[in-house]
Amino acid sequence: MSPVVRVATRPAEAVPLVPWRVRLRLDELVLAARLAGDVPLPVRVDTDGGHRLSDRLSGTPLSQARSLLAASLARVDDDGPSGARASLQDQELLDGDDVDPAVASALVVLATGPLGLQLDVAVERAAGTSRLRCWFGVAPGMVVQLSTGDGLDYELAWFDPALWVSQLTRAVTVEPWASSTAPMALPDYVSLPSELLAGSEKAHDEQRTDLVPAMAAAHVGRVRLGEPGHVHEADLEEVLALLGTLGRACRGRLRLLALRRDRAEDPAVLSWLLFDDGWHELRPGRDATSVLRRRDTRDVGLFSLPVVDAVARPAAGAGEER
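As a starting point, this report considers the structure included with it. Not measured: the values here are computed from a predicted model.

**Re the overall build of the protein chain**
Okay, step 1: When helices and strands are counted, the protein chain shows 9 helices and 14 strands.
Okay, step 2: Counting over 322 residues, the protein chain shows a buried share of 46%.
Okay, step 3: Looking at the protein chain alone, contacts between residues at least 24 apart form 63% of all its contacts between residues at least 6 apart.
Okay, step 4: About 15,500 Å² of surface is accessible on the protein chain, with carbon and sulfur atoms providing 52% of the total.

**A look at the pattern of salt bridges**
Okay, step 1: The tally for this structure, following the rule as stated, stands at 19 salt bridges.
Okay, step 2: The shortest N-O distance in the salt bridge between Asp 276 and Arg 251 comes to 2.6 Å. Linking Asp 276 in the loop between strand S12 (268–275) and strand S13 (278–284) with Arg 251 in the loop between helix H8 (236–248) and strand S11 (252–260), this pair joins segments that are 25 residues apart in sequence.
Okay, step 3: Between Arg 294 and Asp 277 there is a salt bridge, and its shortest N-O distance comes to 2.8 Å. Remark: Asp 277 occurs in the loop between S12 and S13 and Arg 294 occurs in strand S14 (residues 289–294); sequence separation between them is 17 residues.
Okay, step 4: The exposure class of Arg 294 is partly exposed, given its relative accessible area of 29%.
Okay, step 5: Salt bridges here are not isolated pairs; linked through shared partners, they connect Asp 188, Glu 227, Asp 277, Arg 293 and Arg 294.

**Description of the packing of helix H6 (residues 194–205) against H8**
Okay, step 1: The contact between H6 and H8 brings their axes to 9 Å, and the two run at 60 degrees. In terms of orientation, H6 lies oblique with respect to H8. As for how H6 packs across H8, the hand of that crossing is right-handed. Contact with H6, carried on its side by Leu 196, Leu 197, Ser 200 and His 204, involves Val 239, Leu 243, Gly 244, Leu 246, Gly 247 and Arg 248 of H8 and no other residues of that element.
Okay, step 2: When grouped by side-chain class, the residues that make up the contact of H6 with H8 number 5 nonpolar, 4 polar and 1 charged.

Reading the values: the criteria
Residues numbered from 1 in each chain as written. Predicted model: local features only at pLDDT ≥ 70, side-chain atom pairs only at ≥ 80, totals over all residues. Heavy atoms only, no water. Helix = DSSP H or I, 4+ residues; strand = E, 2+ residues; numbered from the N terminus. Buried < 20%, exposed > 50% of the residue type's maximum accessible area, 1.4 Å probe, protein only. Contact = heavy atoms within 4.5 Å. Areas by Shrake-Rupley, 256 points an atom, 1.4 Å probe, with all protein chains shown as cover. Salt bridge = Lys/Arg side-chain N within 4 Å of Asp/Glu carboxyl O. Axes fitted to C-alpha atoms, helices over the stretch in contact; angles between N-to-C directions. Parallel < 35°, antiparallel > 145°, perpendicular 65-115°, else oblique. Left-handed = near helix turned anticlockwise from the far one by under 90°. Nonpolar A, V, L, I, M, F, W, Y, C, P; charged D, E, K, R; others polar.

Structure follows, in structure tokens:
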């Protein structure tokens, strides 16, 4: 995340051509949303029920995570020098008793913009899984992004929709880390039966890789792979190497979900897998197959740009970043 940018009071409708970024602790974020008019946040901070924030703090034991969460939330109502209000004041993010108008406007768009998106990126590292979560709100002329890596520290950013591709590319640009060599360098194109992919993944997860050769043998002739113009049916050896790579050498995953608030029943989902050579898109194919295609990091922004443009710039032509 970028260093904190001090936000001076300015008209709420001004949208910067260069992204404005504000670093906020969880308690500061919660108080800012409260001062902006009890704006709902995409982050659940309750301590009851499933999927608690304390259960998701990156790389932190559960008991310690709960203590960190409780300590952070206690600062929300602490009016002393160590509380959230004093910290927001020190960062010049308060306008009297209210939060800065630009921050308030950003939080409102994040919560109520006609289009909402959620990005989850999980990447394997030597110390464990590193995770990034981003929530986006899109309104005409403005995109707002809230990001966190650990659930306690956040970055709130807002920017012109013309910057969508570059900002999403920034979020998903990672280098794969590998503890061992993959059995196969994935080609540009792979198509395999979805049942084979699911069965192989389950066998690897359950440490039953002894079952994989039989699965592979049963599907020889139904797996295709290769580079553009040179796609061929994989033989048994290639199928085994492919399943070994998919099961043991996936270095990360990303999922981007886009949802129009007026069409909540029709979300759009994009899923990618990270291998040693970079990202590969995973999508359904014909006849109960799954297809993997090598993608450039920038493609995640380009593929989602039309749905963002439809809301953010309905009267605009082609995006500047294409």
